[in-house]
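Coordinate analysis (summary)
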Amino acid sequence: MAAASARSGAWAAALCYLLWGAFPLYWKQLVAINPVELIAHRYLWTCVIVLVIVAAQRRFAAVRAALNTPRRFGINALSATLLTVNWLVYVWGVNTGHVIETSLGYSLVPLVSVAAGRFLLHEHLRRLQWLAIGCATAGVALMIFQLGRPPWIALWLAGTWGGYGLMRKQSPLGALIGLTVETLLIVPFALAFLIVRHLAGLGALGHVDALSSAFILSAGVVTAVPLLLFAYAARRIRLSTLGLLQYLAPTVQFAIGVGVYHEPFSREQAVSFAFIWIGLVLYTADNLWTQRKTLS
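Please read these numbers as outputs of a predicted model, since none were measured by experiment. (Residues numbered from 1 in each chain as written. Predicted model: local features only at pLDDT ≥ 70, side-chain atom pairs only at ≥ 80, totals over all residues. Heavy atoms only, no water.)

Quick notes on the overall build of the protein
Which entries qualify depends on this criterion: Helix and strand labels come from DSSP, where a helix needs a run of H or I of at least four residues and a strand needs a run of E of at least two; each type is numbered from the N terminus. Put simply, the radius of gyration uses C-alpha atoms, and a globule should come to 2.2 Å times the residue count raised to 0.38. For every residue, the accessible area obtained with a 1.4 Å probe (protein chains only) is divided by the maximum for its type, and the residue is called buried under 20%, exposed over 50%, and partly exposed between those limits. The contact criterion used is simple: two residues touch if any of their non-hydrogen atoms lie within 4.5 Å. Accessible surface area values rest on a Shrake-Rupley calculation with a 1.4 Å probe, where residue burial reflects the displayed protein chains alone.
If you tally the helices and strands in the protein, you get 14 helices and zero strands. The order of helices and strands in the protein, counted from the N terminus, is α-α-α-α-α-α-α-α-α-α-α-α-α-α. The C-alpha radius of gyration of the protein comes to 19 Å, within 12% of the 19 Å expected for a compact globule of 296 residues. If you line up the protein on its principal axes, its C-alpha atoms span 55 × 45 × 30 Å. A burial count over the protein gives 48% of its 296 residues as buried. Sequence-distant contacts, at least 24 apart, represent 87% of the contacts inside the protein between residues at least 6 apart. Surface summary for the protein: the accessible area is close to 13,800 Å², and the carbon and sulfur share equals 71%.

Quick look at the structure:
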């Protein structure tokens, strides 16, 4: 049963990351809309969807229990805050022409997850895993030297999403209830923001074309499905394994940034990315080798 649970968690994580990797194609359709408003809509319609699912499963008691327990409330309030910041930075980065840098941020997340697993959850790291973290650190340092500034979008994305994964790992709540609690904690602020925008005549709905309105209204489905998959996976596989599968998303994002939107990508950037990807290759090889030894 444990092996079956781990396999289902791994498949859920892989599908989740592939969907996230394709997200720039979705958000680019809404480039003319204020990013904060997009995130507010994202929370509102995600909340509607998860509440419908909770109602269908008659699990409101679990939601109330989560909100009435101080530890669970605190963990989910922190995870909701990290998720909000991550969404804002990501949407702003994509819609201002920084898809490649967002892919860099999510490329760093697996190694951030490994480091968090070691220093916060006290998971054992092997020699190649330490070397992988070192390569990624060298890649970021080289990029800072080349740019003359830290790659803030990438670092914010890596830090907030790594922290979110850690909080989901610590939360005793399941995928659906956890996401429901997170959205309930943020949606009052999102709704208030949307009302103010609407009263000021600045809201997108009613002022954009039908296709853009359809994209906005679909934000709940687009958001809820991969997040439920992620939360489902986070409770069934190790944090380090979750980090291993994470590189699927930035690979797809990078391909979209270069191949679809033709963002500039210099030789110097390629060297920095190479260090980070060498780290990912080392980490992947270490995990595959360890799994083979375990099975033999």
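A word on the packing of aromatic side chains
Two descriptors summarise a pair of aromatic rings, namely the distance from one centre to the other and the angle between the planes of the rings. So the rule is basically this: Any Phe, Tyr or Trp ring, taking Trp's six-membered ring, that has another such ring centre within 6.5 Å forms a pair; planes under 30 degrees apart are called stacked, those over 60 apart edge-to-face, and the others tilted.
Under the counting rule described, the total for this entry stands at 14 aromatic pairs. A centroid spacing of 4.9 Å and a plane angle of 80 degrees characterise the contact between W20 and W161, whose relative ring orientation is edge-to-face. With a gap of 141 residues between them, W20 in helix 1 (residues 2-21) and W161 in helix 8 (residues 152-170) connect regions that are remote in the sequence. For the pair shown, W20 and W161 are each scored as buried. Seen from their ring centres, Y90 and Y106 are 5.6 Å apart, and the 70 degrees between their planes marks the pair as edge-to-face. With a gap of 16 residues between them, Y90 in helix 5 (residues 70-95) and Y106 in helix 6 (residues 99-119) connect regions that are remote in the sequence.

What about a nonpolar patch on the surface?
Let me state the cut-off plainly: Exposure above 30% relative accessible area and no salt bridge define the residues that can form patches, which grow by joining like charges within 9 Å and nonpolar side chains of Val, Leu, Ile, Met, Phe, Trp and Tyr within 5 Å. Within this document, salt bridges are pairs made up of a side-chain nitrogen of Lys or Arg and a carboxyl oxygen of Asp or Glu, the two lying within 4 Å of each other.
A surface patch of nonpolar side chains, about 310 Å² in accessible area, is lined by L15, L19, V221 and V225. Only helix 1 and helix 11 (219-234) provide two or more residues apiece to the nonpolar patch. For L15, a relative accessible area of 44% gives the class partly exposed.

Let's talk about empty space enclosed by the protein
To keep it simple, the criterion reads: Points on a 1 Å grid, built from protein atoms alone, make a cavity when a 1.4 Å probe fits but cannot get out and make a pocket when they are open with protein on both sides within 12 Å along at least 5 of 7 lines; residues with an atom within 4 Å of a point are the lining residues. Grid points are joined across faces, edges and corners, and a volume is the space filled by probe spheres set on the points. For this classification, the nonpolar set comprises Ala, Val, Leu, Ile, Met, Phe, Trp, Tyr, Cys and Pro, the charged set comprises Asp, Glu, Lys and Arg, and every other residue, Gly included, is treated as polar.
In this structure the tally under the stated criterion is two cavities of 30 Å³ or more. Quantified by volume, the largest cavity comes out at close to 130 Å³. Y17, W20, F23, R42, N86, W87, Y90, Y106, W161, Q246, A249 and Q253 together form the lining of the largest cavity. With three residues, the single largest contributor to the lining of the largest cavity is helix 5. Of the residues that constitute the lining of the largest cavity, the class distribution is eight nonpolar, three polar and one charged.

Some details on the layout of surface pockets
Put simply, the second largest pocket is a space of about 210 Å³. Of the residues that constitute the lining of the second largest pocket, the class distribution is seven nonpolar, three polar and three charged.

Side note on the pattern of salt bridges
Applying the stated criterion across every chain, the model contains two salt bridges. Note that R197 and E37 form a salt bridge whose closest N and O atoms lie 3.0 Å from each other. Placement of the pair is R197 in helix 9 (residues 175-199) and E37 in helix 3 (residues 35-57), with a sequence separation of 160 residues. By relative accessible area, R197 is classed as buried at 17%. In this structure, R168 engages E182 in a salt bridge whose closest nitrogen and oxygen atoms are separated by 4.0 Å. Of this pair, R168 sits in helix 8 while E182 sits in helix 9; the two residues are 14 residues apart in sequence, bridging distant segments of the chain.

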